[in-house]
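Below are the chains, spelled out letter by letter.
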Amino acid sequence: MANFLYLFRGGNMAGMSPQEQEANMKKWGAWMGQLSSAGQFKSGDPLGQAGKVVTGTKKTITDGPFGETKDVVGGYLIVTAPNLDAAVEAARGCPIFERDGSVEVREVQEMRM
(Lines give C-alpha, C1' and ligand atoms only; values in the text may rest on other atoms or scores of the structure.)
Protein backbone atom coordinates (compact mmCIF):
# COMPACT_ATOMS: atom_id res chain seq x y z
CA MET A 1 0.00 0.00 0.00
CA ALA A 2 1.20 3.50 -0.81
CA ASN A 3 0.43 6.79 0.93
CA PHE A 4 -1.48 9.49 -0.92
CA LEU A 5 -2.07 13.14 -0.11
CA TYR A 6 -5.47 14.70 -0.68
CA LEU A 7 -5.28 18.50 -1.02
CA PHE A 8 -8.67 20.18 -0.71
CA ARG A 9 -9.29 23.37 -2.67
CA GLY A 10 -12.40 25.51 -2.74
CA GLY A 11 -15.63 24.22 -1.27
CA ASN A 12 -15.99 27.42 0.72
CA MET A 13 -18.57 27.32 3.50
CA ALA A 14 -19.05 31.11 3.47
CA GLY A 15 -22.71 32.03 3.30
CA MET A 16 -23.83 28.78 4.91
CA SER A 17 -26.03 28.94 7.97
CA PRO A 18 -24.70 27.34 11.17
CA GLN A 19 -27.07 24.43 10.58
CA GLU A 20 -25.78 23.96 7.02
CA GLN A 21 -22.18 24.11 8.25
CA GLU A 22 -22.94 21.49 10.90
CA ALA A 23 -24.60 19.22 8.32
CA ASN A 24 -21.63 19.68 5.99
CA MET A 25 -19.15 18.78 8.74
CA LYS A 26 -21.19 15.64 9.55
CA LYS A 27 -20.81 14.59 5.90
CA TRP A 28 -17.05 15.10 6.17
CA GLY A 29 -17.00 13.06 9.39
CA ALA A 30 -18.98 10.24 7.77
CA TRP A 31 -16.69 10.15 4.72
CA MET A 32 -13.55 10.18 6.84
CA GLY A 33 -15.12 7.49 9.04
CA GLN A 34 -15.61 5.31 5.96
CA LEU A 35 -11.96 5.81 5.01
CA SER A 36 -10.96 4.93 8.57
CA SER A 37 -13.15 1.81 8.64
CA ALA A 38 -11.55 0.68 5.38
CA GLY A 39 -8.10 1.13 6.96
CA GLN A 40 -7.21 3.95 4.56
CA PHE A 41 -7.26 7.06 6.77
CA LYS A 42 -3.89 7.94 8.31
CA SER A 43 -4.12 11.62 9.26
CA GLY A 44 -5.41 15.00 8.17
CA ASP A 45 -6.52 18.41 9.31
CA PRO A 46 -8.02 21.65 8.05
CA LEU A 47 -5.59 24.51 7.55
CA GLY A 48 -5.85 27.96 9.11
CA GLN A 49 -6.56 30.92 6.88
CA ALA A 50 -3.51 32.97 7.91
CA GLY A 51 -0.04 32.15 6.68
CA LYS A 52 3.19 33.42 5.19
CA VAL A 53 4.96 32.57 1.96
CA VAL A 54 8.76 32.38 1.75
CA THR A 55 9.99 32.81 -1.84
CA GLY A 56 13.16 32.70 -3.89
CA THR A 57 16.87 32.89 -3.21
CA LYS A 58 16.39 35.97 -1.04
CA LYS A 59 13.77 34.11 1.00
CA THR A 60 11.36 37.02 0.74
CA ILE A 61 8.49 36.73 3.19
CA THR A 62 5.00 37.89 2.22
CA ASP A 63 1.59 37.50 3.79
CA GLY A 64 -0.44 34.75 2.23
CA PRO A 65 -1.44 32.48 0.82
CA PHE A 66 -3.65 34.63 -1.34
CA GLY A 67 -5.54 33.62 -4.43
CA GLU A 68 -8.99 32.99 -5.64
CA THR A 69 -11.07 31.11 -3.09
CA LYS A 70 -11.31 28.12 -5.43
CA ASP A 71 -7.49 27.84 -5.48
CA VAL A 72 -6.77 28.10 -1.76
CA VAL A 73 -5.77 24.85 -0.07
CA GLY A 74 -8.10 24.46 2.91
CA GLY A 75 -6.94 21.14 4.30
CA TYR A 76 -5.40 17.77 3.63
CA LEU A 77 -5.63 14.07 4.36
CA ILE A 78 -3.07 11.30 4.14
CA VAL A 79 -4.64 8.01 3.05
CA THR A 80 -3.37 4.63 1.97
CA ALA A 81 -4.38 2.86 -1.21
CA PRO A 82 -2.93 0.15 -3.43
CA ASN A 83 -2.46 2.62 -6.33
CA LEU A 84 -3.34 6.07 -7.66
CA ASP A 85 -6.57 4.90 -9.30
CA ALA A 86 -7.83 3.44 -6.00
CA ALA A 87 -6.89 6.65 -4.15
CA VAL A 88 -8.76 8.73 -6.73
CA GLU A 89 -11.81 6.49 -6.45
CA ALA A 90 -11.85 6.90 -2.66
CA ALA A 91 -11.57 10.70 -3.08
CA ARG A 92 -14.76 10.72 -5.15
CA GLY A 93 -16.78 10.35 -1.93
CA CYS A 94 -15.54 13.68 -0.57
CA PRO A 95 -18.28 16.17 0.37
CA ILE A 96 -16.24 19.07 -1.07
CA PHE A 97 -17.68 18.32 -4.51
CA GLU A 98 -21.12 19.40 -3.29
CA ARG A 99 -19.67 22.92 -2.88
CA ASP A 100 -17.83 22.87 -6.24
CA GLY A 101 -14.44 22.20 -4.62
CA SER A 102 -11.66 19.93 -5.78
CA VAL A 103 -9.37 17.23 -4.41
CA GLU A 104 -5.84 16.94 -5.74
CA VAL A 105 -4.57 13.38 -5.27
CA ARG A 106 -0.79 12.90 -5.13
CA GLU A 107 1.30 9.91 -4.16
CA VAL A 108 3.68 10.60 -1.28
CA GLN A 109 7.15 9.54 -2.36
CA GLU A 110 9.42 8.07 0.30
CA MET A 111 12.72 9.86 0.76
CA ARG A 112 15.48 7.38 1.26
CA MET A 113 18.46 8.73 3.11
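It should be noted that the structure appears before, not after, this text.
I will try to describe carefully the structure that is included in this document.

## Let's talk about unusual backbone geometry
Here is step 1: In this structure, Lys59 is a non-glycine residue whose phi angle is positive, near 55°.
Here is step 2: Here Lys59 lies in the loop between strand E3 (52–55) and strand E4 (60–63).
Here is step 3: Under the relative-accessibility criterion, Lys59 is labelled exposed at 57%.
Here is step 4: The phi angle at Asp100 is positive, at roughly 65°, despite the residue not being glycine.
Here is step 5: With respect to the helices and strands, the residue Asp100 is situated in the loop between helix H2 (84–91) and strand E6 (102–107).

## Here's the deal with the packing of aromatic side chains
Here is step 1: Following the criterion strictly, the structure yields 5 aromatic pairs and no others.
Here is step 2: With a centroid separation of 6.4 Å and an interplanar angle of 75°, the aromatic rings of Tyr6 and Phe8 are classed as edge-to-face.
Here is step 3: The class for Phe8 is buried, based on a relative accessible area of 6%.
Here is step 4: Ring geometry for Trp28 against Trp31: centres 5.9 Å apart, planes inclined by 80°, an arrangement best described as edge-to-face. Taken together, the residues span about one helical turn, with Trp28 and Trp31 both in helix H1 (residues 18–37) at a distance of 3 residues. A single burial state applies to Trp28 and to Trp31, both of which are buried.
Here is step 5: An aromatic cluster of at least three residues, connected via ring pairs, comprises Tyr6, Phe8, Trp28 and Trp31.

The rules behind the values
Residues numbered from 1 in each chain as written. Predicted model: local features only at pLDDT ≥ 70, side-chain atom pairs only at ≥ 80, totals over all residues. Heavy atoms only, no water. Helix = DSSP H or I, 4+ residues; strand = E, 2+ residues; numbered from the N terminus. Buried < 20%, exposed > 50% of the residue type's maximum accessible area, 1.4 Å probe, protein only. Phe/Tyr/Trp six-rings, centres within 6.5 Å; stacked < 30°, edge-to-face > 60°.

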